[in-house]
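Analysis of the macromolecular model
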Amino acid sequence: MPRTVIEVDRESEEPLYRQLRKAIEHGIGSGMVDAEGRLPSSRELARELGLSRNTVNAAYQELVAEGFVESRARQGLFVNREMRPYCAVEQVPEVREYDWSARLHGLPSRRDPLPHIEKQTDWVGYPYPFLAGQVDFRAFPARSWARALNDALYHPHVQFSLQDSIAADDPLLVETLCTRLLPARGVRAEPDEVLVTVGSQQGLDLLSRALLGPGSTVAVEDPGYLDARHIFARAGAGLRRLPVNASGLQPPATLEGVDLLHVTPSHHHPTNVTLGIGRRRELLSLVRESGTVIVEDDYDSEFRYQGRPTPALKGLDETGQVVYLGTFSKFLAPGLRLGYLVASRELVRELRDIRRYSVRHPSGHTQRALALFIRSGEYHRGVRRYRTRLMRKWEAACAAVNTHLPWHSSPPPGGVSLWMTGPPGLDGRRLAELAQRRGVLIEPGDLYFLGDDPPRNHFRIGLAAPQLAAIDPGVRILGELVEEASDGSGFGSVPGGA
């Protein structure tokens, strides 16, 4: 008799012998008990199930009395001959895997035709990982961050670290942002005008859910931040491209009909050029006329290597139409997933409600630790050290590209990457493929352009992840591969900068 036929629940109020009788009865009726074979003896079955022989004998006695089982002298117990015509072998139905494809295709599509940024997950194993968005783990202030995490678990901070805050943010972190971070960017904000996010990308998602829908129009920089485009497109919005040159976004004649404008003014993504003050004021004038909301994505303003950082566009905003997005990913680590946004209190209230029913709130422990980290002074000391470290890498990379690449470049003095524009015949995708075989990781630039036929003569060199000593030899390898990755036309005539 199969072991799976017999199941008894020792915590049930029903007697064990009765449970055992029902299990054997079901096995006989379903055909799972061999109608021709001998049933196990009471001793065998008691040992198998960990029951007493008295319990098994009581179950067998009831089965004999009810005619399911018969006892044969000197042979043992068998299924009653009269029961055999009714003992059907159970037909196990064919089990088919659930068709998730049909289920998902029957729903409104959340996909979009835009390309995706693909990055090597094993990038740390490459000698020259020039990938933007990754960080040098050795530069992370591990000890001071661990101290902040530890302090956040003790009185008086533990309550805010571990409680369910429903939709609220850590009040200490919000107050710290308002008094110690935002003023340096020229932004004044009250606590009810700040929302903590799980990275700036969540801020974009919340804004798209609150402000966009089918038929909406979003103006985006071209080239521009690809992930933002995905978020806007999946909200149902159409994308309107605005070109970028060496002075940043080129303001259009009008923004009429545009619901939202996404812009990266401090360091344009991905070229790193800075939006000039004249163009900033022009954009603010245009949105006052059109009613457009500006989303200022200020993802790495701390990393300017010459001159002072330009004030945020939000600091010039007089009508409340600018939403400011900030992040801690570029300095601390992208894996911590912490950012924030500043907007009118009415909009923040709406975004907080939307966030509540998706992630509730970002980790309270991480929020409180970050507040303590900033207030201890470690954050600003760490930013200064990291800026110096990146500036040295930027200087090394600028020297390397002008030494090893067959064209001249004048990269803007800021950001965590270099945007390279090669001759028209260069194929950045081909260069990235060839470079990877030699241990060099770069990003091709065509992904960042809208349109069916984007230019392929751009690529991106990230500065944060590689070691300083790896920059020159890594760029030298790129220089050796450029000719193989191009048709040979246009060398020596490439404009500098972005």
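For the structure, see preceding data.
Residues numbered from 1 in each chain as written. Predicted model: local features only at pLDDT ≥ 70, side-chain atom pairs only at ≥ 80, totals over all residues. Heavy atoms only, no water.

Quick notes on the overall build of the chain
- Across its full length, the chain holds 15 helices and 15 strands.
- What you see for the chain is a C-alpha radius of gyration of 34 Å, clearly larger than the 23 Å of a compact globule of 498 residues, by over 25%.
- Each of the three principal axes of the chain carries a C-alpha extent, and together these read 105 × 60 × 50 Å.
- Here the chain, with 498 residues, has 51% of them falling under the buried criterion.
- Looking at the chain as shown, the accessible area adds up to about 24200 Å², and 49% of this sits on carbon and sulfur atoms. (Helix = DSSP H or I, 4+ residues; strand = E, 2+ residues; numbered from the N terminus. Rg over C-alpha atoms; globule rule 2.2 N^0.38 Å. Buried < 20%, exposed > 50% of the residue type's maximum accessible area, 1.4 Å probe, protein only. Areas by Shrake-Rupley, 256 points an atom, 1.4 Å probe, with all protein chains shown as cover.)

Re the packing of aromatic side chains
- Summed over the entire model, instances satisfying the criterion amount to 9 aromatic pairs.
- Taking the centre distance of 5.6 Å and the plane angle of 85 degrees together, the rings of Trp145 and Phe373 count as edge-to-face. On the criterion of sequence distance, the pair formed by Trp145 in helix α5 (residues 142–151) and Phe373 in helix α12 (residues 364–375) is long-range, its members being 228 residues apart. Of the two residues examined, Trp145 and Phe373, each falls in the buried class.
- Between Phe328 and Tyr379 the ring centres are 5.8 Å apart and the planes differ by 80 degrees, which places this aromatic pair in the edge-to-face class. (Phe/Tyr/Trp six-rings, centres within 6.5 Å; stacked < 30°, edge-to-face > 60°.)

Considerations on the pairing of strand β9 (residues 293–297)
- Among the 5 residues that make up β9, 4 are buried, leaving the element largely enclosed by the rest of the structure.
- A crossover connection joins strand β8 (residues 260–263) to the parallel β9 through helix α10 (residues 277–290); in handedness this β-α-β unit is right-handed.
- Of the pairings in the sheet, the one linking β9 to strand β10 (residues 322–327) comprises 4 bridges and is parallel in character. If you follow Asp297 over to β10, its bridge partner there is Leu325. (Right-handed = clockwise from strand over helix to strand, strands pointing away. Pairing = 2+ DSSP bridges.)

Things to note about the packing of helix α8 (residues 200–211) against helix α9 (residues 226–234)
- Taken N-terminus to C-terminus, the directions of α8 and α9 make an angle of 25 degrees; their axes are 9 Å apart at the nearest point. With respect to α9, the element α8 is oriented roughly parallel. Once α8 is placed against α9, the crossing between them reads as right-handed. Where α8 abuts α9, its residues Gln201, Leu204, Asp205 and Ser208 lie against Asp227, Ala228, Ile231 and Phe232.
- For the contact of α8 with α9, a count of residues per class yields 4 nonpolar, 2 polar and 2 charged. (Axes fitted to C-alpha atoms, helices over the stretch in contact; angles between N-to-C directions. Parallel < 35°, antiparallel > 145°, perpendicular 65-115°, else oblique. Left-handed = near helix turned anticlockwise from the far one by under 90°. Contact = heavy atoms within 4.5 Å. Nonpolar A, V, L, I, M, F, W, Y, C, P; charged D, E, K, R; others polar.)

Some words on the sheet that holds strand β15 (residues 458–462)
- Taken together, 3 strands build an open sheet; the order of strands is β12-β15-β14 and the sheet is antiparallel. At either margin of the open sheet sits one strand with a lone partner, and together these are β12 (417–421) and β14 (443–444).
- Direction of pairing for β12 relative to β15: antiparallel, over a ladder of 5 bridges. Within the sheet, the bridge partner assigned to Thr421 lies in β15 and is His458.
- Each of β12 and β15 touches helix α13 (residues 378–404); the most contacted strand, β12, lies at about 20 degrees to it.

Regarding the pairing of strand β1 (residues 69–72)
- By the bridge criterion, 4 bridges tie β1 to strand β2 (residues 76–79) in an arrangement that is antiparallel. Note that in β2 the partner of Val69 across the bridge is Val79.
- Connecting the antiparallel pair β1 and β2 is a turn made up of 3 residues, with Arg74 showing a positive phi of about 60 degrees.

A look at the pattern of salt bridges
- With the rule as written, the count across this model stands at 25 salt bridges.
- Of the charged contacts, one joins Asp169 and Arg352 as a salt bridge, the two residues approaching to 3.0 Å between their closest N and O atoms. Taken together, the residues Asp169 in the loop between α6 (158–162) and α7 (171–181) and Arg352 in helix α11 (residues 345–356) connect sequence positions 183 residues apart.
- Between Arg375 and Glu175 there is a salt bridge, and its shortest N-O distance comes to 2.9 Å. On the criterion of sequence distance, the pair formed by Arg375 in helix α12 and Glu175 in helix α7 is long-range, its members being 200 residues apart.
- Accessibility expressed as a relative area gives 32% for Arg375, which makes it partly exposed.
- Among the charged side chains, a salt-bridge network with shared partners connects Arg21, Glu25, Glu62 and Glu66. (Salt bridge = Lys/Arg side-chain N within 4 Å of Asp/Glu carboxyl O.)

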